[in-house]
Amino acid sequence: MTEITATSTAYTSKELVTDQDVRWCPGCGDYSILKQVQTVIPELGIPKEQLVFVSGIGCSSRFPYYMETFGMHSIHGRATAIASGLKAARPDLSVWLVTGDGDALSIGGNHLIHLLRRNFDVNVLLFNNQIYGLTKGQYSPTSEKGKVTKSSPMGAIDHPFNPLALCLGAESTFIARSMDRDPIHLRTILKRANQHKGTSMVEIYQNCNVFNDGAFEVFTEKSSKAEETLFIEHGQPLVFGANKNKGIKLDGFKPTIVELEGNSVNDLWIHDETDRVKASILTRFFDDPAKEGHLPRPFGVFYTENRFTYEEAMEQQLQESLSKGEGDLDALLRGNNTWTVA
Ligand SMILES: Cc1ncc(C[n+]2csc(CCOP(=O)(O)OP(=O)(O)O)c2C)c(N)n1
Ligand code: SF4
């Protein structure tokens, strides 16, 4: 392990690569995500010794081993709690949390929602491969209904989570979606996540080519990507299709697909990242792509909001308390109320 002493922000992607053998299966989507993170981080101006990658348990959670930064491969589902504690103690650090759909949404579901509502300034990268990879292919909370796996031989009967709808419901201040197979888009979203002050939730569609190959291929393959995806940008109309010939119009609260021929772009839904109600509608663009008349799947920043972070509020309270002068611990322990138990 190399010792990090410098405070320089000038380092290269190569300097973020560790001497560890990467133990993901050949062809796994995790490789691309690692590469994009290692490419983007040196551009962010963060001193290397202030970077921390915290993960839970899963294939995705092996991430900190491969980043030449501080890090912790922690406990299943608890990276959220550990990152919260770290940020409370050291608000100056740049904390990145790497988790999987099982880690974040099964065992860690409870901790995730509290991280989001508290709004610690942490960047969450949720690798969603719709399966438990590390434990060899059991269905996860994002696997589709009917999914046949070793743990659901007759097909999963669970209704899956819609992760971004869940996060928005948990008072998240930044939600976005990207994918392993679109490096440029992923890098843009990683930069946006870093800029956001508060918890940034980035769902990344990630192919597990061993236990759930092709789960997102309709969104990632050249032949179908343009028709099945909707890349959203603040201030821009919702346009998609191979020839950018389709758009989304809001009919009241109901989104509808319109052909652009015969319709003005000005009548289309213009994306506004600060509109929570519309972001909520966008998260519901979640139909099975096999369903007739389904909406395209959005990628980009759905919602962003400026809200006080937990660590800021905590610091303010501490300063307020300190300004009252020295306390009396004995008096505090004795308290104001005493009871005599007969
Ligand atoms: C307390 C505990 N329960 C269960 C496990 C077994 N386990 C390890 S990883 C995992 C799920 C991983 O799935 P996911 O988070 O989707 O990550 P992936 O491996 O797909 O990247 C489970 C159930 C464990 N390690 N610890
Ligand atoms: S099991 Fe799946 S998620 Fe895990 S390393 Fe292999 S391909 Fe990747």
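Higher on the page you've got the structure.
Model, not experiment: these values are computed from the prediction.

### Some details on the sheet that holds strand 4 (residues 122-128)
Strand pairing within a sheet occurs via backbone hydrogen bonds; the two strands may be parallel or antiparallel.
Here is step 1 of the chain: The sheet built from eight strands is open, its strands ordered 2-1-3-4-6-5-11-7 with mixed pairing. Only two strands of the sheet have a single partner each, and these edge strands are strand 2 (70-73) and strand 7 (229-232). Ignoring which end each strand starts from, the neighbouring axes of this sheet average 20° apart.
Here is step 2 of the chain: Sheet topology note: the strand 1 (residues 51-55)/strand 3 (residues 94-100) ladder contains five bridges and is parallel. Residue pairing across strands places V54 opposite L97, the latter belonging to strand 3.

### Notes on the pattern of salt bridges
Should their charged atoms come close, side chains of opposite charge can pair.
Here is step 1 of the chain: For the structure shown, the criterion picks out 13 salt bridges.
Here is step 2 of the chain: In this structure, R90 and D92 form a salt bridge, with 2.8 Å as the shortest nitrogen-oxygen distance.
Here is step 3 of the chain: Under the relative-accessibility criterion, D92 is labelled partly exposed at 40%.
Here is step 4 of the chain: For R181, the salt bridge identified is with E221, shortest N-O distance 3.3 Å. Of this pair, R181 sits in the loop between strand 5 (174-179) and helix 6 (183-195) while E221 sits in the loop between helix 7 (217-220) and helix 8 (222-228); the two residues are 40 residues apart in sequence, bridging distant segments of the chain.

### As for the site of ligand 2
Here is step 1 of the chain: In the neighbourhood of ligand 2, the contacting residues comprise W24, C25, C28, C59, N129, G133, Q206, C208, N209, V210 and F211.
Here is step 2 of the chain: Among the residues making up the shell around ligand 2, the classes are represented as seven nonpolar, four polar and no charged.

### Some points on the packing of aromatic side chains
Here is step 1 of the chain: Overall, the coordinates contain 14 aromatic pairs when judged by the stated rule.
Here is step 2 of the chain: Look at Y205 and F216: their rings are 4.0 Å apart centre to centre, the planes differ by 5°, and that puts the pair in the stacked class. Taken together, the residues span a long stretch of sequence, with Y205 in strand 6 (residues 200-205) and F216 in the loop between strand 6 and helix 7 at a distance of eleven residues.
Here is step 3 of the chain: By relative accessible area, which is 5% here, F216 ends up buried.

### Things to note about helix 1 (residues 30-40)
Here is step 1 of the chain: Within helix 1, eight of the eleven residues are buried, leaving the element largely enclosed by the surrounding structure.
Here is step 2 of the chain: Residues D30, S32, I33, L34, Q36, V37, Q38 and V40 constitute the buried set of helix 1.
Here is step 3 of the chain: The inward-facing, buried residues of helix 1 abut strand 1, strand 4, helix 6 and strand 6.

### Digging into the packing of helix 2 (residues 79-89) against helix 4 (residues 109-118)
Here is step 1 of the chain: With their axes 8 Å apart at the nearest point, helix 2 and helix 4 run at an angle of 35° to one another. Contacts between helix 2 and helix 4 pair T80, A81 and S84 from the former with H111, L112 and L115 from the latter.

### Topic: the site of ligand 1
Here is step 1 of the chain: Lining the immediate surroundings of ligand 1 are 16 residues, of which C59, S60, G102, D103 and G133 lie closest.
Here is step 2 of the chain: Between ligand 1 and G102 there is a distance of 2.9 Å, counted from an oxygen atom to a backbone nitrogen or oxygen.
Here is step 3 of the chain: Here an oxygen atom of ligand 1 and a backbone polar atom of D103 are 2.6 Å apart.
Here is step 4 of the chain: For ligand 1, whose unbound accessible area comes to 590 Å², protein coverage reaches 73%.
Here is step 5 of the chain: For the shell around ligand 1, the element with the highest residue contribution is helix 3 (residues 101-107), accounting for four residues.
Here is step 6 of the chain: Among the residues forming the shell around ligand 1, the class breakdown is six nonpolar, eight polar and two charged.

### Notes on the side chain of S140
Here is step 1 of the chain: With respect to the element layout, S140 can be found in the loop between strand 4 and helix 5 (163-169).
Here is step 2 of the chain: Among the polar contacts listed, one links the side chain of S140 to the side chain of D101, at a separation of 2.5 Å.

Definitions and cut-offs
- Residues numbered from 1 in each chain as written.
- Chains lettered and ligands numbered in written order.
- Predicted model: local features only at pLDDT ≥ 70, side-chain atom pairs only at ≥ 80, totals over all residues.
- Heavy atoms only, no water.
- Pairing = 2+ DSSP bridges.
- Helix = DSSP H or I, 4+ residues; strand = E, 2+ residues; numbered from the N terminus.
- Axes fitted to C-alpha atoms, helices over the stretch in contact; angles between N-to-C directions.
- Salt bridge = Lys/Arg side-chain N within 4 Å of Asp/Glu carboxyl O.
- Buried < 20%, exposed > 50% of the residue type's maximum accessible area, 1.4 Å probe, protein only.
- Near = heavy atom within 4 Å.
- Nonpolar A, V, L, I, M, F, W, Y, C, P; charged D, E, K, R; others polar.
- Phe/Tyr/Trp six-rings, centres within 6.5 Å; stacked < 30°, edge-to-face > 60°.
- Contact = heavy atoms within 4.5 Å.
- Polar contact = N/O pair within 3.5 Å; in protein donor to acceptor, adjacent residues only side chain to side chain.
- Areas by Shrake-Rupley, 256 points an atom, 1.4 Å probe, with all protein chains shown as cover.

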